[in-house]
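In case you want the letters, here they are:
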Amino acid sequence: MIFGYYYYAAAILVISIVTVTFEVRDMRRNLLNIQKMARYECKVNVFRCGEYREVSSEELVPGDLIEIPKETRMPCDCTLLAGGAVVNEALLTGESIPVVKAALPELANVYNPDEDKRHTIYSGTEVLQTKDPDANSRTTGVVIRTGFATLKGSLIRYILYPKPPKFNFNSDSYKYLAVMFTMSIIGMVIQLISIDTSDTFEIVLKCLDLITITVPPALPACMSIGTNFALRRLKKEQIYCISPQRINLAGRITAFCFDKTGTLTEDNLTIDGYLPVDSVSNKGNSFQPLCTSVRYLAYEQDKLSANELFVECMASCHALAMVKDRVIGDPLDKEMFNGTHWKLEEVLGREDKIVTFMTAADKPKEKAATQLGIVKRFDFNSKLQRMSVFVRNMNTGKIRLYTKGSPEKLSELSRPETIPNNFTDVLSLYTQKGCRVLALATRALDIDAEGCERADREEIEKNLDFLGFLIMKNSIKKVTEPIIAVLSAADIRSIMVTGDNGFTAITVAKECGIIRPESKVYLGELQELQGLKCVSWTSVADSSGEKGKEKQGSVTNHTKTDLEKVPSDHDSPGRETLRVQQDPTTLRLCGNDPWTEGEDYTLAITGKAWDFLFEEDPKSSTEQMKMYLAKTAVFARMSPESKATLIDALQNTGLTVGMCGDGANDCVALKTADVGISLSDTEASVAAPFTSRTPDISCVVKLLREGRAALTTSFQCFKYMALYLSLIHISEPTRQAEISYAVFCLKKKKKKK
């Protein structure tokens, strides 16, 4: 036995075999799960040679005309040509709310499957229901992409070949092994010089033994222990992982971004009040007193015209659908529609209309029940911040456009004379209470159904008549504040990234602890002065002070007199502004900062302002941009693309960034982040590397805890191996030198004798 390492070699062999077996088993299980998500085959009716034929979905090619299968998963990406469908896109987006799809209309521009999502059914989505155009026709679509060319296929490719994480652990591991291999070569040379034997087998065995000790075969086993235990513990917590290499990266997180609605706050919104305008045409328009019930709102005879349009907008401007006699759709749309007490019915016709009408119990005795039919819908677009519907009044036959969206966007699209003078300050009054404010608007049209189909969205959604505000409350989840406190104690920065109003986001951020109560907040918004874009910073007052002494988030106690006391835009007190002008080399400040040196302040910024700053400095190289990124805790009115650019900018400053979201708007950001967590009911979603079935952010702490444990295990294994191999390298040459010296002394003594 040479140096007593036969037993060691046998033990290493057994450990290596067991380790490789378990790793291959786990890898195979992970690949099978991915294959289960990726591969799908079913029978599809395809139109070929003048008739519909049943073929395997694996035979489909782009250009095939198919019948949309009912109550099954789609095997390809297709464009809906006739009829309608209700699909569940949870596998792709993590969003469990069904989506209504409509047939492709005549478009003024070129069809884009990634932008015209309303008319595209994606591979992997579950078709819950189809709606045939008429009794003699089928719901049909044309295949546009198959296999890895589909949206689902691109997401699967991302899972199999993710972008390299910005983490030096793996590269340092290879450097470490390279150094140790070099040391083994040096040790082998020393052994060859000092070895006292002519047995070739023994020489080769000693050299190979030294190399295998220096490049330890037990290292992979040690490295996989932490990750495997973390995966098992996360699964027990209903956190599922499709990218195990991200677990170690979770231990390095220094900043975590959160979506607001559905992530930090509850999914379900509740209507807290209705705030319509006095009239839709008079100049000097003003808001009516806040009303808490739509039943009282609709039948004030002196305000019937404006109020009736307000209620009709609530009842029709949505994307709800009936599935098995159940209303499904976005929670906001459902809450808004339920507040009207109208009934939703579906009429399966050539135009695929959804007809709504008011129940008899709620209508005045002298009037017939109002009945509205949706002719065409412009779906909500996060970039445009609005959605619109063309609605035909079945009683009069007239068509009207109803629009809902962000107050800022609808104020730009509405006629100035229909907007109250104190629009901005009334909006601030409620958003600073943490309420979500939705603006409603309308426009009378003198066109028919065919004109609606040909209408251009950018042109038709102009010169609107502003109708008023819909005030909604969105309470914070119980676990949000404690989890944010835990992250803060762990020196992990929390950032809110939302599509909601800036003042609402700031209020929610203060309530959950992302912004400290004593910190002064400055909100940055994009403005254009004399053709020059600039960012204006406004000091945001704390709404929780003595003024009003009202309960946080409650708006039901405001009256007409209260609203009249709200100042107009031109005489608002306490507004400190600073403008950042465009400069070819840097973002130059005009004047002094609104914040003072040593002041405890936090920044918030809107999506438009962020896009402007990012366009000027995409690499986050200037000190001013780094300061903005370091001090900003709230990013409001952010589009999905803006969320992704923000995470990329944070990564450029050296941060390891995580992202937690619950909807389709967060998919791009979830993939851009170093660690993305999707809150979804599905066990496996390709929307993010991690999926949590627990619908709150408690999963973030659990993941980071397991990530730090796995990373610490990996580091300690490296330290142990380095120490062990160093001792081997030091002791073995030393022992060989001692033996050689002893042999030399014995030979010298013999010569003297």
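Nothing here was measured: the structure is a model prediction, and the numbers come from that model.

(A) Highlighting the side chain of Glu312. In this structure, Glu312 sits in helix H10 (residues 304-316). The contacts of Glu312, once residues within four sequence positions are left out, are Trp342, Thr370, Leu372, Asn393 and Tyr402.

(B) Structural context of the environment of Ala319. Here Ala319 is to be found in the loop between H10 and strand S14 (321-323). On a C-alpha basis, the gap between Ala319 and Phe380 in space is 8.8 Å, while along the polypeptide they are 61 residues apart. The residues contacting Ala319, other than those within four sequence positions of it, are Val100, Asp333, Arg377, Asp379 and Met387.

(C) Expanded view of the sheet that holds strand S9 (residues 126-131). On the basis of which strands lie adjacent, the open sheet formed by 4 strands has the order S4-S9-S6-S7 and antiparallel pairing. The sheet is open, and its two borders are formed by strand S4 (72-73) and strand S7 (99-102), each paired with just one other strand.

(D) Layout of the confidence of the model for the protein. Per-residue confidence for the protein gives a mean pLDDT of 77; residues scoring 70 or more make up 77%. The secondary structure element of the protein with the lowest average pLDDT is strand S26 (residues 579-581), at 38, and the one with the highest is strand S12 (residues 255-258), at 94.

(E) Main features of the pattern of salt bridges. This model, assessed by the stated rule, comprises 25 salt bridges. Residue Arg48 is joined to Asp64 by a salt bridge in which the shortest nitrogen-to-oxygen separation is 2.6 Å. Highlighted residues: Arg48 in strand S1 (residues 43-48) and Asp64 in the loop between strand S2 (51-56) and strand S3 (65-67), separated in sequence by 16 residues. The structure contains a network of salt bridges with shared partners spanning Arg386, Arg457, Glu458 and Glu461.

(F) Main features of the sheet that holds strand S10 (residues 140-145). The 6 strands lie next to each other as S2-S1-S3-S10-S5-S8, forming an open sheet whose pairing is antiparallel. Strands with a single pairing partner mark the edges of an open sheet, and in this sheet they are S2 and strand S8 (120-121). In the sheet, S1 pairs with S2 via 6 bridges, with the strands oriented antiparallel. Residue pairing across strands places Arg48 opposite Glu51, the latter belonging to S2.

(G) Structural context of the packing of aromatic side chains. Under the defined criterion, the tally for this structure stands at 13 aromatic pairs. Between Tyr274 and Phe310, the aromatic rings sit 6.4 Å apart at their centres with planes inclined by 85 degrees, giving edge-to-face as the arrangement. Here Tyr274, found in strand S13 (residues 270-276), pairs with Phe310, found in helix H10; they are 36 residues apart in sequence, far enough to count as distant. Taken together, a centroid distance of 5.2 Å and an interplanar angle of 55 degrees make the contact between Phe423 and Phe469 tilted. With a gap of 46 residues between them, Phe423 in helix H13 (residues 423-431) and Phe469 in strand S22 (residues 465-473) connect regions that are remote in the sequence.

(H) Molecular detail of the packing of helix H19 (residues 607-616) against helix H21 (residues 640-652). Running from amino to carboxyl end, H19 crosses H21 at an angle of 50 degrees, the nearest separation of the two axes being 10 Å. The orientation of H19 relative to H21 falls into the category oblique. As H19 packs across H21, the resulting crossing turns out to be left-handed. Here H19 contributes Trp610, Asp611 and Phe614 to the contact with H21, which in turn contributes Ser642, Thr645, Leu646 and Ala649. Residue classes in the contact of H19 with H21 are distributed as 4 nonpolar, 2 polar and 1 charged.

(I) Main features of the side chain of Ser123. Structurally, the position occupied by Ser123 is in the loop between S8 and S9. With a relative accessible area of 6%, Ser123 lands in the buried category.

(J) Representation of the environment of Phe47 in the model. Within the secondary structure layout, Phe47 lies in strand S1. Along the backbone, Phe47 and Leu65 are 18 residues apart, and their C-alpha atoms lie at a distance of 5.4 Å.

Cut-offs applied
Residues numbered from 1 in each chain as written. Predicted model: local features only at pLDDT ≥ 70, side-chain atom pairs only at ≥ 80, totals over all residues. Heavy atoms only, no water. Helix = DSSP H or I, 4+ residues; strand = E, 2+ residues; numbered from the N terminus. Contact = heavy atoms within 4.5 Å. Pairing = 2+ DSSP bridges. pLDDT = per-residue confidence, 0-100. Salt bridge = Lys/Arg side-chain N within 4 Å of Asp/Glu carboxyl O. Phe/Tyr/Trp six-rings, centres within 6.5 Å; stacked < 30°, edge-to-face > 60°. Axes fitted to C-alpha atoms, helices over the stretch in contact; angles between N-to-C directions. Parallel < 35°, antiparallel > 145°, perpendicular 65-115°, else oblique. Left-handed = near helix turned anticlockwise from the far one by under 90°. Nonpolar A, V, L, I, M, F, W, Y, C, P; charged D, E, K, R; others polar. Buried < 20%, exposed > 50% of the residue type's maximum accessible area, 1.4 Å probe, protein only.

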